[in-house]
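Single-letter residue listing:
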Amino acid sequence: MKKLSKNPVIAIAGATGLVGSEMLNVLEQRKVPCSELKLLASKDSAGEVYKFNDQEVEVEVLSTDSFEGVDIALFGTSAELSAIHVPAAAAAGAVCIDNSSYFRMKPEVPLVVPEVNIDAIKDGDMIIANPNCSTIQLVPVLDVIHRAAGLKHVVVSTYQSVSGAGKAALDELWGQTLAVFNQQEMPQEAFQHQIAFNCIPQIDVFAENGFTKEELKIINESRKILGIPDLRITATAVRVPVFYGHAESVFIETEKPFDLAELVKKLSKAPGVSVRAAHDEYPMQFEAAGTDDIHVGRIRRDESVENGLSLWVVADNVRKGAALNAVQIAERLIAA
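Residues numbered from 1 in each chain as written. Predicted model: local features only at pLDDT ≥ 70, side-chain atom pairs only at ≥ 80, totals over all residues. Heavy atoms only, no water.

Trainee: How should the sheet that holds strand 1 (residues 9-13) be read in this particular structure?
Mentor: Note on sheets: strands pair through backbone hydrogen bonds, and any given pair is parallel or antiparallel. With mixed pairing, seven strands are arranged side by side in an open sheet as 3-4-2-1-5-6-7. Bordering the open sheet on either side are strand 3 (49-52) and strand 7 (127-129), each of which pairs with just one other strand. The sheet shows a mean angle of 25 degrees between the axes of neighbouring strands, direction not considered. Contacts from helix 1 (residues 18-29) reach strand 1, strand 2 (36-41), strand 3 and strand 5 (72-75), with the element oriented near 25 degrees to strand 3. (Pairing = 2+ DSSP bridges. Helix = DSSP H or I, 4+ residues; strand = E, 2+ residues; numbered from the N terminus. Axes fitted to C-alpha atoms, helices over the stretch in contact; angles between N-to-C directions. Contact = heavy atoms within 4.5 Å.)

This is the structure:
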């Protein structure tokens, strides 16, 4: 890892979006050392003022010249903007932690969940990719099980909140809910279909093989982070009418037999994982919202195969699934 100042200059690009705003909150709440904070966004947000550590910070216009003197740049921007500004920031000397999908599957770029593969970051790496929100909450659980019994086959069904699609999606769920109750015209722009009181089994666009890009992200990113390029894993991603928090139903077939009680203990001891061992005390999305942990419940032996396991995984997609993971990477860089 690059040796950084113990009191670095930190920039947040896309600072006024859902992820960027949460990055700001997490930096302050976790008291991450920071000698100076720069907030960068589009010209529409320039001049807005945010509080950070009892100081007021004014939002500046994001440009390729924004990163002189910056040690760590956190990106909550689109893939299109990251493609332009991340290389510019890296060239200016900033270690970039990018939340977009642009760099994730590039072989030379580490894709990191700190609890699983922080060692993927090597000396000289200036660009580090933050995984997809659904992947971030999945791989720490899979990693524990793989170390204990080996992963043979994984099937994931996600139940993803609208906040994963941004501010407009949050507004659309709220607006459609009000429209239903008030018998008004239904606003619909953010999603392909009505999201209020409905589930949409499509997140992002379809690939030629019938999987969506979101499903392929879960599959390919999990393989890369876990270091199992031939892992048999499949996914179905569903958008549900929930504001914050993603849930996942996960079926796992292991290579070796396992003791269920021992496996539950190992999950309970995993960093960042909170386990509900009692069958009737399962985690739910509204409870997970605003929390740092990955919550695991409904843990049970799946008797449809010889070494089968089924469980339920819930996390705040904006916080743990994006902002917190990026800040945790920054913390490791500072502490190195």
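From this point, the discussion proceeds with the structure in view.
Trainee: Honestly, the sheet that holds strand 11 (residues 273-275) in this entry has me stumped. Any pointers?
Mentor: Strand order in this open sheet of six strands is 9-8-10-13-12-11, and the pairing throughout is mixed. Of all the strands in the sheet, just strand 9 (232-239) and strand 11 have a single pairing partner and so form its edges. Strand after strand, the sheet turns through a mean of 20 degrees between neighbouring axes, direction not considered. Of the strand pairs in this sheet, strand 11 and strand 12 (residues 294-302) are connected by three bridges, and their pairing is parallel. Bridged to Ser-274 within strand 12 is His-295.

Trainee: Would you take a moment to explain the side chain of Asn-317 for this structure?
Mentor: Along the polypeptide, Asn-317 turns up in the loop between strand 13 (308-315) and helix 9 (319-335). Note on Asn-317: relative accessible area 2%, which makes it buried. (Buried < 20%, exposed > 50% of the residue type's maximum accessible area, 1.4 Å probe, protein only.)

Trainee: I keep staring at the packing of aromatic side chains and nothing clicks. Help me out?
Mentor: Geometry of an aromatic ring pair is reported as the spacing of the ring centres plus the angle between the planes. Following the criterion strictly, the structure yields five aromatic pairs and no others. Centroid distance Trp-174 to Phe-243: 6.3 Å. Interplanar angle 55 degrees. Geometry classified as tilted. Of the two residues, Trp-174 is situated in helix 5 (residues 167-182) and Phe-243 in the loop between strand 9 and strand 10 (246-254); the sequence distance between them amounts to 69 residues. Ring geometry for Phe-181 versus Phe-197: centroids 6.0 Å apart, planes at 75 degrees, classification edge-to-face. (Phe/Tyr/Trp six-rings, centres within 6.5 Å; stacked < 30°, edge-to-face > 60°.)

Trainee: Any chance you could explain the packing of helix 4 (residues 133-149) against helix 6 (residues 213-226) here in plain terms?
Mentor: Helices that pack against each other are described as a pair by the angle of their axes relative to one another and the distance between those axes. At a minimum axis separation of 10 Å, helix 4 and helix 6 run at an interaxial angle of 40 degrees. Considering their axes alone, helix 4 and helix 6 lie oblique with respect to each other. Handedness of the crossing formed by helix 4 with helix 6: right-handed. For the pair helix 4 and helix 6, the contacting residues are Ser-134, Thr-135, Leu-138, Val-139, Leu-142 and Asp-143 in the first and Glu-214, Lys-217, Ile-218, Glu-221, Ser-222, Ile-225 and Leu-226 in the second. The residue makeup of the contact of helix 4 with helix 6, split by class, is six nonpolar, three polar and four charged. (Parallel < 35°, antiparallel > 145°, perpendicular 65-115°, else oblique. Left-handed = near helix turned anticlockwise from the far one by under 90°. Nonpolar A, V, L, I, M, F, W, Y, C, P; charged D, E, K, R; others polar.)

Trainee: Which parts of the structure should I look at to understand the pattern of salt bridges?
Mentor: A side chain of one charge can pair with a side chain of the opposite charge if their charged atoms are brought near each other. For the coordinates displayed, the defined rule picks out 11 salt bridges. When the shortest N-O distance is used, the salt bridge between Arg-30 and Asp-292 registers 4.0 Å. Taken together, the residues span a long stretch of sequence, with Arg-30 in the loop between helix 1 and strand 2 and Asp-292 in the loop between helix 8 (285-288) and strand 12 at a distance of 262 residues. Residue Asp-292 is classed as partly exposed on the basis of its relative accessible area of 28%. (Salt bridge = Lys/Arg side-chain N within 4 Å of Asp/Glu carboxyl O.)

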